[in-house]
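Here's the letter readout for the chains.
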Amino acid sequence: FWPYQVVIYPSARITFRLKRKHNIIMKLRTPRLGTTGSSPGSTTSSSSRSTAAAASHLNHLINNNLTAAINDAAAADDESPEEPDDALGDAGDVNNNNANNADGNYTYNEDEEVNGFLQLIRDEMTVEGIEKNTRAKSTFNTHQNENTRVIVWLFYNHKHVIHDELCSDLQDVIETVDYDTMLSRKYRGKKSVEERKNVYLFQQLRDKVAEFLGTPGSTTNKNTVIFDEFVADPKIYVDYLAKRRKGNGGLMKPSVYKSYRASLSFLFWRYEFQVPEQFSSRLKTYMDGIKRLANKARQCGEGNIEDGKRPLNFELFLQFNKWFLEMGTYEGIYALAYSLATFNLACRGDSTLMICLKHLMWKGDATGVPFSHSKEEQLGDDPTKRLPRFCFGNPFIQAADFISGIFLYIATNPELIDNKDGPLFPGAKDSHSTKFSNTLKIILKDPVKRAIIQKQYAFDPDDIGVHSWRKAAHTKMSCGSTAGPTNSAACIRGGHSIKTIAECIPSTSTLLHLPLFTMTKVYKLKQHVRIAMPWDDHYKYFSQSTGIPPHVINYQHFAEIKELIKKLPTQFEESLDARQFNGAISLPQMKELMKEAQSEQNAAMAADIATIKKAMEDGKLLSVDSSPDEEEDPDYGKQFDLHLHPDGTLRKVPPDWTFPMNQLQQMYQYWHCGNQLQKICPMKYFHSSDVSFLGDSTRIRLNEVKQLMEIIDKTASQNGAKPTKKMNMTSTNTCFLRGKVGLKIPTTTPTGRKRDIGRLKWSSAITYLPKASKKRRVD
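Residues numbered from 1 in each chain as written. Predicted model: local features only at pLDDT ≥ 70, side-chain atom pairs only at ≥ 80, totals over all residues. Heavy atoms only, no water.

Chemist: Help me out: how do you make sense of the sheet that holds strand 4 (residues 366-369) in this one?
Modeler: Pairing between the strands of a sheet comes from backbone hydrogen bonds, and it takes one of two forms, parallel or antiparallel. Spatial strand order, 3-4-5: three strands in an open sheet with antiparallel pairing. Since the sheet does not close on itself, it has two edges, and those belong to strand 3 (361-363) and strand 5 (389-392), each with one partner. The average angle at which neighbouring strand axes cross in this sheet is 40 degrees, direction not considered. Sheet analysis places strand 3 next to strand 4, joined by three bridges and oriented antiparallel. Paired with K363 across the bridge in strand 4 is A366. (Pairing = 2+ DSSP bridges. Helix = DSSP H or I, 4+ residues; strand = E, 2+ residues; numbered from the N terminus. Axes fitted to C-alpha atoms, helices over the stretch in contact; angles between N-to-C directions.)

Pasting the structure below:
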């Protein structure tokens, strides 16, 4: 553990064990604080000096005893060497990795030590366990908790959507509920007896509903909701969401309403109920309104704008670690190790608790910890999520040093080394989360520390929780510095997914109507493109990383440029001397040489200009010759589909299609080329019935676009670029460039700036139509 110093706290009880042939155990109990029998209540100065002297004496004692113990163990090993771990060879592998017995059951090695987490997972590898793990336990509990509330609310307000059997059982609960047991318990709250009875009854009803819904992995044999009646009117569920309030009557956050909606989908999934499209679309519209109102309420002062706990800044993170260290107790050392591991790995608390000792790997000057399972990667499909997350030491700041924090924790728990396959934080997950949370609460309840958090760091202690550590890591990584980690590195470290460009664009964005996302030829290029990442060792597209920050490289480049500038005058003089500029060549001779050198180039340029001028006079500068895409193709119409809508009508656009509000040139491309990727035919073949599901205003828009396109087509035909039935992007752009002049849109703005007609929104181009055209459009 060099170069870190072992620090023994006055209240520590530490056990060191060297597992060789013999077990050497040394126990350190609380030392006396003074030679005169002074108690902990003595004066501060003498007590601190005595404590320091005792700690120094104990450190020397530890070093001497450890040295003697190691020497004794080594001597014992020389006398009777142990059998090496791999002495069994393949036989050991056969014993540990046996095949099925004749009865189809596996046999296990009873001598094998398996930690509790792993044994529970092995025991769940059954049919029932697999069904139970199709959803995480926490996910099931969250949805189960919400669905029991919904069903009880439906029982009180819309009993016609609840099955008779459940109604009967819930009515029996109401009639037979026993309040005496509840009232006999000690209660220090502010609720009245009637309010306590209502809460108790509500919980009893929810427990009865939970019996009908079943446990994780079980089949819902009992019916609860008559789903056909429930989905017939989406306002029933919207009414529930509208009445779901906080205790003070306030609105929830938009993300909370979204989670309620997810719980309803989970209820449909458990009963394998196929939700009608009409219900989903109408409920989506209502959810948009609910989230909009909830978001307005947040802006007007409802609750906090931030979601969840606030992320710690780095200074406050160091302050908490100092407080953990100053506690001098086992809980403080545990909290320090938990804090450093969670922050350096940028992981959730559950992932921290699943780290095993054998996961700690050395690579260079760092400690790497890989993760194969996390909340965002539960199935192990993404190999980048399993990359080790390397943590470096910080000998200058002990509160930020990952290695010394883990060492102190292992030194106070030496039994962990006996089982290298065991977890770094053994025990139940809930107990560990509670242990760190309780230690954190001790600090947050301290009046002095609360004042420091509020005054020095401008934090409300109530906004700090366990998840603040993971958020703090992401805040530190995404600091905005050019020398900091890139977005991809931060996402990989935190276990987040890296989305493609198309995934980042909203489905309603006009960018999705561009040729980049609508042309099949562009989409087919994907199979010829190989995406390689810097961490992929089997690719040759990346040079070895040096670890030098980019701003240091820029400084070096600037220094090189500065040296080059200094050398320019000397190099210029040397060049002139070599050409004898001040010698035999005269000024008329130089002019003659330059004229001869340029004559040949001037002649070639004159020929090119004459050719271009002739082409412009003939009107053939832009070729409109037919391309392979414009040849007669009997299967041209087969590439476009008719889409079935919820009302049973076949239309040329899908149900989720929105009317594009593109630029004029993009709209002209959509008019003649359509969207080949979504198999939407060119817009010029649309009828009013194809867009009628979007409302009467959409049909008016279609007529306006048609009027603009007819003017462009007519002008293009007059200028020698006649549109055809089947057009590609090249011919479409040619027709647009020759036909846009027919719109008679001014090429300059009222302020004198140049206007690009192709980049105007088509809705803006409508306003430039002649008055006669507008009148005809209104008629």
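Chemist: What is the right way to look at the side chain of N344 in this model?
Modeler: Here N344 lies in helix 14 (residues 330-345). The exposure class assigned to N344 is buried, which follows from its relative accessible area of 16%. The residues touching N344, leaving out its near neighbours within four places in the chain, are C391, F402 and R493. (Buried < 20%, exposed > 50% of the residue type's maximum accessible area, 1.4 Å probe, protein only. Contact = heavy atoms within 4.5 Å.)

Chemist: Before we go on, may I ask you to explain unusual backbone geometry in this structure?
Modeler: Note on backbone geometry: most residues besides glycine have negative phi, and most peptide bonds are trans. Even without a glycine there, the phi angle at A346 is positive, about 50 degrees. As for its placement among the helices and strands, A346 is situated in the loop between helix 14 and helix 15 (349-353). What makes A346 buried here is its relative accessible area of 1%. Although it is not a glycine, K679 sits at a positive phi angle of roughly 60 degrees. Tracing the backbone through its elements, the reader meets K679 in the loop between helix 26 (664-673) and helix 27 (696-718). Residue K679 is classed as partly exposed on the basis of its relative accessible area, which comes to 39%.

Chemist: I tried to follow helix 20 (residues 487-494) on my own but got confused; where do I start?
Modeler: The α-helix advances 3.6 residues per turn, and as a result positions three or four apart in sequence lie on the same side. Among the residues of helix 20, those classed as buried are A490, C491, I492, R493 and G494. Buried positions along helix 20 lie against helix 14, strand 5 and helix 19 (468-477).

Chemist: Is there a simple way to think about helix 27 in this case?
Modeler: Taking 1.5 Å of rise per residue, the 23 residues of helix 27 would be expected to cover 33 Å, and the 34 Å separating its terminal C-alpha atoms lies within 8% of that figure. Those residues of helix 27 not exposed but buried are T698, L702, E704, V705, Q707, L708, M709, I712, D713, T715 and A716. Two residues or fewer past helix 27, G720 is found with a positive phi of approximately 90 degrees. (Expected span 1.5 Å × (residues − 1).)

Chemist: What exactly am I supposed to notice about the nonpolar core here?
Modeler: In globular proteins that are soluble, nonpolar side chains generally tend to be buried together. The biggest cluster of nonpolar side chains holds 52 residues, and the ones touching the most others in it are F320, Y409, I464 and W469. Every element with two or more residues in this core is listed here: helix 13 (314-327), helix 14, helix 16 (402-412), helix 17 (429-445), helix 18 (447-457) and helix 19. When residues in this core are grouped by element, the largest group, 10 residues, is from helix 14. If we skip the residues at most four places from it in the chain, Y409 touches Y330, I333, Y334, A337, L416, L424, F425 and P426. Core analysis: the second largest hydrophobic core is formed by 42 residues, W153, F230, I236 and Y237 among them. (Core = buried A, V, L, I, M, F, W, Y, C linked by side-chain atoms within 4.5 Å.)

Chemist: Explain the pattern of salt bridges to me, please; I cannot follow it from the model alone.
Modeler: Close approach of charged atoms allows side chains of opposite charge to pair. With the rule as written, the count across this model stands at eight salt bridges. K652 is the salt-bridge partner of D690, the closest N and O atoms lying 3.2 Å from each other. Separated by 38 residues along the polypeptide, D690 in the loop between helix 26 and helix 27 and K652 in the loop between strand 7 (650-651) and helix 26 bring together distant segments of the chain. For K652, a relative accessible area of 18% translates into the label buried. (Salt bridge = Lys/Arg side-chain N within 4 Å of Asp/Glu carboxyl O.)

Chemist: I keep staring at the pairing of strand 4 and nothing clicks. Help me out?
Modeler: Within a regular beta strand, the side chains point alternately toward one face of the sheet and then the other, so they alternate between its two faces. The side-chain alternation of strand 4 yields two buried faces, one formed by A366 and G368 and the other by T367 and V369. Count of turn residues in the strand 3/strand 4 antiparallel hairpin: two residues, of which G364 carries a positive phi of about 70 degrees. Across four bridges, the pairing between strand 4 and strand 5 is antiparallel. Residue T367 lies in a different strand from strand 5, and its bridge partner there is C391.

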